[in-house]
Each structure stands twice: as structure tokens, then as C-alpha cells.
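Overview (structure and organization)
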Amino acid sequence: MSITRRKLLQTAAAAAFLAASSLPAFAAEVAGVKFPETVSVAGHDLKLNGAGVRTKLVFKVYAVGFYLQEKKTTVQDVLSVGGPRRIRIVAMRDLSSDDFGMAFMKGLNDNVSPEERTKLLPQTKAFGEIFAQFPGLKKGDELIVDWNPSTGSQPFLNGKKVGETLPDQAFFNAIMRIWIGNKPVDSSLKPKLLSGAEKTAPTPETN
């Protein structure tokens, strides 16, 4: 093999290695939806705590994942962990804003007490109004809700901000409870969002 050809092959191999090393590391892939191992929120690196698919009857509705600064295995630890957090949802079928919004609000209301519901009503209404800003979710659309302790909860649709920032951490916790509360929208999804939960003994939980 000539020196020139050897150098070309070495250069190509080095380029392929650099390209591969620059790709994001994926911690999970659920039903074809990839969840990066880490994401950055408010200047902090968050780790994928767990991910799974929300199903209704036999239909896959969306994939959802939680990101925290530290992996947690219990509901209370997830809700009380400090720092920024992220909820990432990727639609797996077309969903109207009405259907998705109503299901979202039902899941939220099912997992908060009447007292909390009253306290969080203004933010719940504001969050519900966000769904009126877009016609619905198309298959592959990404809805993210980030919690930043300095500002509050901020939703993003396909990378663009939607709605106003909602300041109360209790409201972000209420959103998380849709999937990990006492009445989760999908009981089979709950343990998948709690890192390592399937390996630990169940413990009593309170909302």
C-alpha cells in the first residue's frame, strides 16, 4: 500500500471516529424515540431518570422521559430533588390540542388534593390556555416543560417557547404527578420513570 493511500485511509478513519464521538449518547430508546443520556437546562447537566411510552388501549400515544440532576427512585425524592428538571414528551400519533389538553388536565386534577387544586388554579388555567395556542401535536412533535428554580416552569413546542413562565414549583410537581402520582395516567409507565424502581421494594407515597 502506498504512503499516500495509507494516509488517506488513516485520515478517513480519524474523521469517522471524531464524527461518532461527537454524536449524543442515548441512554434509552423507547418505541423508536431516543432519549439523550444528558441534557442541559439553566446551565446544569441533567440525567435521564427514566422513560417510557404512554399507551391507551393498544395505541401508543406518546413517549415521555424525566430529567433530574440526580437519579431518584421514589416519588417523593423525584418531587423534592433540587435544581432544574425537565419533562420531555414526543408524540407517537396525531393528537388534537383539545384531546391532549383535556387528558393533561384530567391527569393533573386526579393527582392533587382539592386544597392544592384551589391554590394552583390560576397556573392550571394558564397552562390550559397554552394548548389553545396550537392546533395539536403531530406524530414526532416534541413538547418539553422545563423547571428553572430562578424563573419557573416553561413549556416548549419543537424548541419554541409557548405560553408564559409559571413560577410555582408545586405546579411543576403537579405536572410530574400526572405520571407518577397516586393515580397515574398509565400505571405501567410509572415505574419506568422512577430510575431503578422496579428493583426496589414499594414504599408508601404521598402527594
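Our structure is the block above this text.
Residues numbered from 1 in each chain as written. Predicted model: local features only at pLDDT ≥ 70, side-chain atom pairs only at ≥ 80, totals over all residues. Heavy atoms only, no water.

On to the overall build of the protein, then. Scanning the protein for helices and strands turns up six helices and eleven strands. Residues counted as buried form 43% of the 207 residues belonging to the protein. Put simply, 60% of the contacts in the protein that link residues at least 6 apart link residues at least 24 apart. Accessible area for the protein stands at about 11400 Å²; split by element, carbon and sulfur atoms hold 56% of it. (Helix = DSSP H or I, 4+ residues; strand = E, 2+ residues; numbered from the N terminus. Buried < 20%, exposed > 50% of the residue type's maximum accessible area, 1.4 Å probe, protein only. Contact = heavy atoms within 4.5 Å. Areas by Shrake-Rupley, 256 points an atom, 1.4 Å probe, with all protein chains shown as cover.)

Let us look at the sheet that holds strand β5 (residues 59-68). Spatial strand order, β3-β4-β5-β6-β9-β10-β11: seven strands in an open sheet with antiparallel pairing. For this open sheet the edge positions go to β3 (38-41) and β11 (160-161), each flanked by a neighbour on one side alone. Looking at chain direction, strand β6 (residues 85-91) and strand β9 (residues 142-148) are connected through six bridges and run antiparallel. Its bridge partner being in β9, Arg88 is matched across the sheet by Ile144. Helix α5 (residues 169-180) rests against β5, β6, β9 and β10 (152-157) of the sheet, and its axis sits at about 45° to β6. (Pairing = 2+ DSSP bridges. Axes fitted to C-alpha atoms, helices over the stretch in contact; angles between N-to-C directions.)

For β10, a buried count of six out of six residues is recorded, marking the element as mostly surrounded by other parts of the structure. The sheet contact formed by β9 and β10 spans six bridges and is antiparallel. Counted as the bridge partner of Trp147 is Ser153 from β10. Between β9 and the antiparallel strand that follows it, β10, lie three residues. Hairpin connection of β10 to β11: two residues between the antiparallel strands, including Asn158 at a positive phi of 50°.

The next thing to look at is α5. It helps to recall that an α-helix has 3.6 residues per turn; residues three or four apart then point in one direction. Under the 1.5 Å per step criterion, the end-to-end length of α5 is 16 Å for twelve residues, consistent within 8% with the ideal 16 Å. Along α5, ten of the twelve residues are buried, which leaves the element largely enclosed by surrounding structure. Those residues of α5 that sit buried are Phe171, Phe172, Asn173, Ala174, Ile175, Met176, Arg177, Ile178, Trp179 and Ile180. Where α5 begins, one side-chain oxygen reaches toward the backbone nitrogen of Ala170, 2.9 Å away; that side chain belongs to Asp168. (Expected span 1.5 Å × (residues − 1). Polar contact = N/O pair within 3.5 Å; in protein donor to acceptor, adjacent residues only side chain to side chain.)

With respect to the helices, strands and loops of the structure, Gln123 is situated in helix α4 (residues 114-130). With residues up to four places along the chain from it excluded, the contact list for Gln123 reads Leu166, Pro167, Asp168 and Phe171.

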